[in-house]
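What follows is the residue order along each chain.
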Amino acid sequence: RRLTARRGWQVWAAERSGRVSVRAARTGERVAEVPPPGLECFVWCMALAPGQVWMGTEAGPILLYQRHTRAYVRELRAHSGGVYCLAQNTARTRMYSGSNDFTVYEWDTAEGRALRLMAGHSNGVRCMCTVGPELWTGSDDHTIRIWSLAERPPPAAEEEEGAGGEAGGAAD
């Protein structure tokens, strides 16, 4: 077994074979196998969101499964490389994904919508964790970056052409 996500009596485990199984937390006995969605790839990481298990894959998509029924929900695509790591904020409303495409995405866990792209590493993002209002990411570029997770104001309304100034929102 390579990695796990645990909630209550069950442990979701990515096996060396690439399959994902559900095991009894107390005994380790396999109680179910999670059906693959037809995408042939290895699961590199997992994280729990309310009612769901998120799985980062070597091919790039994040697979979402319903935690109680183990039914495949859908895949989320934003990264151009494999997803090495996932982390959730303490309110459980946001998920963050780090990839070997050198980027981090912020996701809305209820809607599965990408909210923000965070770029700045010069190699794959291997690990991450939320610390209060910050996301800490570690990369193969031998750096740790600290990203503010504070709510950002919505982008400014676009100005009419010729009104002066630059249209769009504020940059980090």
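Here, every reference points to the structure presented above.
The following refers to the structure shown. If you're wondering where the values come from, they're calculated on a predicted model, not measured in any experiment.

**As for the nonpolar core**
Formed by 13 residues in total, the largest nonpolar core has its most connected members in Trp-12, Val-34, Met-46 and Met-55. Looking at this core, the elements with two or more residues in it are strand 2 (10-14), strand 3 (20-24), strand 4 (30-34), strand 5 (43-49), strand 6 (52-57) and strand 7 (62-66). Examining the composition of this core, we find that three residues originate from one element, strand 5, more than from any other. In contact with Val-34, not counting residues within four places along its chain, are Trp-12, Val-20, Ser-21, Val-22, Met-55, Tyr-65 and Arg-70. One finds Cys-45, Leu-64, Leu-86 and Tyr-105 within the second-largest nonpolar core, a separate group that totals twelve residues.

**Here's the deal with the pattern of salt bridges**
The full count for this structure, using the stated rule, is ten salt bridges. The partner of Glu-106 in a salt bridge is Arg-116, with the nearest N and O atoms 2.9 Å apart. One end of the pair, Glu-106, is in strand 11 (residues 103-108); the other, Arg-116, is in strand 12 (residues 113-119), with ten residues separating them in the sequence. Relative accessible area serves as the criterion here: at 8%, Arg-116 is assigned to the buried category. The structure contains a network of salt bridges with shared partners spanning Glu-15, Arg-19, Arg-23, Arg-30 and Glu-33.

**Concerning unusual backbone geometry**
Comment: phi is negative for the bulk of residues other than glycine, and the bulk of peptide bonds are trans. If you check the backbone angles, Arg-70 has positive phi at about 65° while not being a glycine. Here Arg-70 lies in the loop between strand 7 and strand 8 (72-76). Look at Phe-102: it is not a glycine, yet its phi comes out positive at around 80°. Summarising the element assignment, Phe-102 is placed in the loop between strand 10 (94-99) and strand 11.

**Some remarks on the packing of aromatic side chains**
Summed over all chains, the structure comprises five aromatic pairs. Taking the centre distance of 4.7 Å and the plane angle of 15° together, the rings of Trp-44 and Tyr-84 count as stacked. Here the residue Trp-44 occupies a position in strand 5, and Tyr-84 occupies one in strand 9 (residues 83-88), the gap between them amounting to 40 residues. Using a relative accessible area of 17% as the deciding quantity, one classes Tyr-84 as buried. Arranged with centres 5.6 Å apart and planes meeting at 70°, the rings of Tyr-65 and Tyr-72 form a pair that is edge-to-face. Since its relative accessible area comes to 33%, Tyr-72 is described here as partly exposed. Each member of the aromatic cluster is reached from another via a ring pair, and the members are Trp-12, Tyr-65 and Tyr-72. The lysine or arginine in question, Arg-126, covers the ring of Tyr-84, its NZ or CZ lying 3.9 Å from the ring centre. Above the face of the Trp-147 ring, Arg-145 is positioned so that its terminal group lies 4.7 Å from the ring centre.

Analysis parameters
Residues numbered from 1 in each chain as written. Predicted model: local features only at pLDDT ≥ 70, side-chain atom pairs only at ≥ 80, totals over all residues. Heavy atoms only, no water. Core = buried A, V, L, I, M, F, W, Y, C linked by side-chain atoms within 4.5 Å. Buried < 20%, exposed > 50% of the residue type's maximum accessible area, 1.4 Å probe, protein only. Helix = DSSP H or I, 4+ residues; strand = E, 2+ residues; numbered from the N terminus. Contact = heavy atoms within 4.5 Å. Salt bridge = Lys/Arg side-chain N within 4 Å of Asp/Glu carboxyl O. Phe/Tyr/Trp six-rings, centres within 6.5 Å; stacked < 30°, edge-to-face > 60°. Lys NZ or Arg CZ within 6 Å of the ring centre and 35° of its normal.

By themselves these figures say nothing about function.
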